[in-house]
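Breakdown of the fold
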Amino acid sequence: MKIAVDAMGGDHGPAPVIEGAVQAAQELGVGIILVGKEDELSAACRKLNCHDERITIHHAPQVVEMHESPAAVARKKRDSSIWIATELVKSGDADAVVSPGNTGASMVSSFFVLGLIKGVERPAIATMLPTLTGSAVMLDVGANVDCTAQHLEQFALMGNEFAKHVYAKPNPRVGLLSIGEEDSKGNEVTKEAFKLLKASPLNFIGNIEGREVYSGSADVVVCDGFIGNVALKISEGVADVIKKLLMKELSGSWLGRLAYPLIAKPLLNLKRKIDYAEFGGAPLLGVNGTTMICHGRSSAKAIKNAIRRAKGLAETRLDELIQRDIEESLRRHQDERSEGTQA
């Protein structure tokens with residue numbers, strides 16, 4: 001198993017990426033291909049005393065900056081680290097690609113180099129959310145701002161396979177994020193998506209409101225990328241504010257400082273549940289291969305866990321399982337149209 005890592009794309013340079021790669025190679029026994037400017041990566045490896053034989057460097061002369069448009073990547077930067085790292089997956093030299101760089105560049109590279117799974121019209125970014133009962137998958141969280149009802153149905157199918165094979169949930173409960181639980185609530189797209197999901201073989205539980213996302217009532221939360229990204233960023237902000245307010249209250253009185261040693265362990269456990277570094281990254285579902293998208297500010301720990309998740313997805317052949325479900329869905333819709341025509 002080899003994982004190609006875009007070592008140039010992170011906010012903090014290649015150092016945390018290399019550190020995470022070293023940890024992954026040692027703990028997971030995987031081969032790592034660091035993709036980027038060879039001289040810079042070699043110098044960083046020497047500085048970090050990285051001499052693991054399982055870690056190699058593949059030269060890429062260009063770097064995609066965070067402010068660059070995804071469209072420009074396909075036109076002008078096919079020698080960039082993210083594009084070349086994705087090509088290594090296409091050629092079979094790597095089993096997955098991990099990038100803490102420009103999210104749009106990762107999506108565009110996967111779209112053009114790996115291609116979409118047959119029957120998938122849009123890829124989706126899926127992220128794991130902590131809930132009162134364990135965890136849930138939300139998608140899309142940023143790949144598609146505008147979606148049709150058919151796109152949302154495909155996201156549900158992809159999220160269903162993800163929850164089954166990654167989080168060992170045999171019959172995931174699928175919920176559609178909307179402004180109310182009633183069937184009639186939502187905009188025209190979500191209303192139509194509700195009908196499609198209700199007629200599908202999925203374990204569809206209906207609409208769920210924003211306040212239910214973290215309750216654990218649904219294992220898969222479906223929405224378009226605009227709503228999903230806003231919901232995710234708000235959640236991250238709220239979690240950060242709560243953490244800071246809590247520490248401010250504890251440190252603001254002698255009683256709080258006295259109590260801190262007693263509650264330190266529960267606080268640490270809570271931090272682990274909401275810390276993005278524990279999850280590593282979010283997979284781009286719907287492409288022919290495994291692409292893991294990370295935060296630009298990813299630490300070494302986050303990179304290591306992203307590589308761990310990429311390895312697991314590649315081993316389960318999740319893309320093939322998604323293709324099977326999408327093909328079955330297309331056949332079902334064709335049969336329904338044929339029956340309607342005959343009637």
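Per chain, residue numbering runs from 1 following the sequence as it is written. The predicted nature of this model means local features are confined to residues of pLDDT at least 70 and side-chain atom pairs, given and counted, to a pLDDT of 80 or more, with totals for whole chains, interfaces and linings taken over all residues. Derived side-chain values reflect all non-hydrogen atoms in the structure, with water molecules and hydrogen atoms excluded from consideration.

In the annotation of an unreviewed UniProt entry, the protein chain is listed under the name Phosphate acyltransferase and assigned to Nitrospira defluvii. Word for word, the UniProt comment on the protein chain under Subcellular location (unreviewed entry) is "Cytoplasm". UniProt positions are given in the numbering used here, feature names are shortened, and annotations may be inferred rather than shown by experiment.

**So, the overall build of the protein chain**
Helical segments are the DSSP runs of H or I of at least four residues, strand segments are the runs of E of at least two, and each set is numbered from the N terminus. A tally of regular secondary structure across the protein chain gives twelve helices and eleven strands. Summarising its shape, the C-alpha atoms of the protein chain cover approximately 70 × 60 × 35 Å along the three principal directions. When a residue's accessible area, from a 1.4 Å probe over protein chains only, is under 20% of the maximum for its type it is buried; when over 50% it is exposed; and in between it is partly exposed. Taking all 343 residues of the protein chain together, 51% fall into the buried category. Contact definition: two residues touch when any of their heavy atoms are within 4.5 Å. Long-range pairs, those at least 24 residues apart, make up 71% of the contacts in the protein chain with a sequence separation of at least 6. What sets the accessible areas is the Shrake-Rupley method with a 1.4 Å probe; for residues, cover comes only from the shown protein chains. Put simply, the protein chain shows about 16,400 Å² of open surface, and 54% of that area lies on carbon and sulfur atoms.

**What about the pattern of salt bridges?**
Any Lys or Arg side-chain nitrogen found within 4 Å of a carboxyl oxygen on Asp or Glu counts as a salt bridge. All chains considered together, the criterion is met by 14 salt bridges. The residue R211 makes a salt bridge to E209 at a minimum N-O spacing of 3.6 Å. Look at the salt bridges and you will find they share partners, linking E27, K304 and R308 into a network.

**Some remarks on the sheet that holds strand β7 (residues 173-177)**
Across the sheet, eleven strands lie side by side as β3-β2-β1-β4-β11-β10-β5-β6-β9-β7-β8; this open sheet has mixed pairing. Of all the strands in the sheet, the pair left with one neighbour each is β3 (55-59) and β8 (203-208). Across this sheet, the average inter-strand angle for adjacent strands is 30°, counted without regard to direction. When strand β1 (residues 2-6) meets strand β2 (residues 31-36), the two strands line up parallel, connected through five bridges. In the strand pairing of β2, V5 is matched with L34. Paired strands, as defined in this entry, are two strands with at least two bridges between them according to DSSP. Every angle, taken between N-to-C directions, lies between 0 and 180 degrees, and every axis is a line fitted to C-alpha atoms, over only the stretch in contact when it is a helix.

**Re helix α11 (residues 300-316)**
The span expected for a helix works out to 1.5 Å for each residue beyond the first. The end-to-end C-alpha separation of α11 is 25 Å, in line with the 24 Å expected for 17 residues at 1.5 Å each. α11 sits mainly inside the fold: twelve of its 17 residues count as buried. The set of residues buried in α11 consists of A300, A302, I303, K304, N305, A306, I307, R309, A310, K311, L313 and A314. Positioned one or two residues after α11, R317 has a phi angle of 55°, which is positive.

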